[in-house]
Amino acid sequence: MNYQWYPGHMTKARRQMQEDLKLIDLLIELVDARIPGSSRNPDIDELGKNKSRLILLNKADLADERYTEQWMDYFREKGYYAVKVNSRSGAGIKTINSVVQEACKEKLERDKKRGILNRPVRAMVVGIPNVGKSTFINSYAGRACTKTGNKPGVTKGKQWIRLGKQLELLDTPGILWPKFEDQQVGLRLAMIGSINDEILNIEELALSTIEYLEGVYSGTLMERYGFEEVSGSLAVLEEIARARGCLKRGGELDYEKAARLLMDDFRSGKLGRISLEAPVKE
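The following paragraphs examine the structure supplied in this document. The model shown is predicted, which means the values in this text are computed figures rather than measured ones.

We now examine the pairing of strand E2 (residues 52–58). E2 sits mainly inside the fold: 6 of its 7 residues count as buried. Sheet topology note: the strand E1 (residues 26–32)/E2 ladder contains 7 bridges and is parallel. Residue leucine 26 lies in a different strand from E2, and its bridge partner there is serine 52. Following the backbone out of E1, through helix H2 (residues 42–47) and into the adjacent parallel E2, one traces a crossover that is right-handed.

As structure tokens, then:
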């Protein structure tokens, strides 16, 4: 399956982001802690190359702790500030204020020398669809400022959110990039739900997910669904269908229903803490 999703509004959003960067002191980039490399839009590096950078590894509660620590080291070695957070529970959110002040220290000192006092740091929040930007902003602000949803494309336009006297956030729509050079990147984005399921073959996606889990997190699916060991992704999907009663009329196995159930369980963390990639040593 060829993974690609770049609806027209993303081109417009990218242009708007380019314009708004002139107003910004800090770029706060959210990535999904399960795929911190694949969930980074390469365009962001180009757009924000002269800005202070903070990377938030969101949904850290769903990711494998061992891999998350490796990614934190990886980003820090590249000169970025990095914090792991869970925007839903608020874990890690309180540490962000001090990191923002540290990341913008030079800018704040320059302002002070010019006699500019109390101008808030302006930060743009960026990331791919469904990475949790709106949930993060609401959690950080301690109030519902933005519309959230568990499918990509909920935030359609930009909006400024003032957080006290020290910080203003600019929320932006989630954008992907026009072409995935590596289809493994597209696959991982599809697995976590950042590509619209309606354009995917969900059964193929489930089979790829099974293949990965059987290789890296062996035994996870047997433990979750309570079946004996079988060989091959399709056989595993059949066992999941039987275990969860995914049947059509006449008792025939409903592969699509089993595939959707598996993907929902994976994305919501019911299969445990799972990461889909480790940093590549350069």
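This is not the end of the story, as more comes after the structure.
So, on to the sheet that holds strand E3 (residues 81–84). If you walk across this open sheet you meet the 6 strands as E3-E2-E1-E4-E6-E5, and the pairing is mixed. Looking along the sheet, the strands with just one partner apiece sit at the ends: E3 and strand E5 (159–163). Strand after strand, the sheet turns through a mean of 25° between neighbouring axes, direction not considered. Bridge analysis of E5 against strand E6 (residues 167–171) gives 5 bridges, and the strand direction is antiparallel. Bridge pairing in E6 links tryptophan 160 to leucine 170.

Rules of the game
- Residues numbered from 1 in each chain as written.
- Predicted model: local features only at pLDDT ≥ 70, side-chain atom pairs only at ≥ 80, totals over all residues.
- Heavy atoms only, no water.
- Buried < 20%, exposed > 50% of the residue type's maximum accessible area, 1.4 Å probe, protein only.
- Helix = DSSP H or I, 4+ residues; strand = E, 2+ residues; numbered from the N terminus.
- Pairing = 2+ DSSP bridges.
- Right-handed = clockwise from strand over helix to strand, strands pointing away.
- Axes fitted to C-alpha atoms, helices over the stretch in contact; angles between N-to-C directions.

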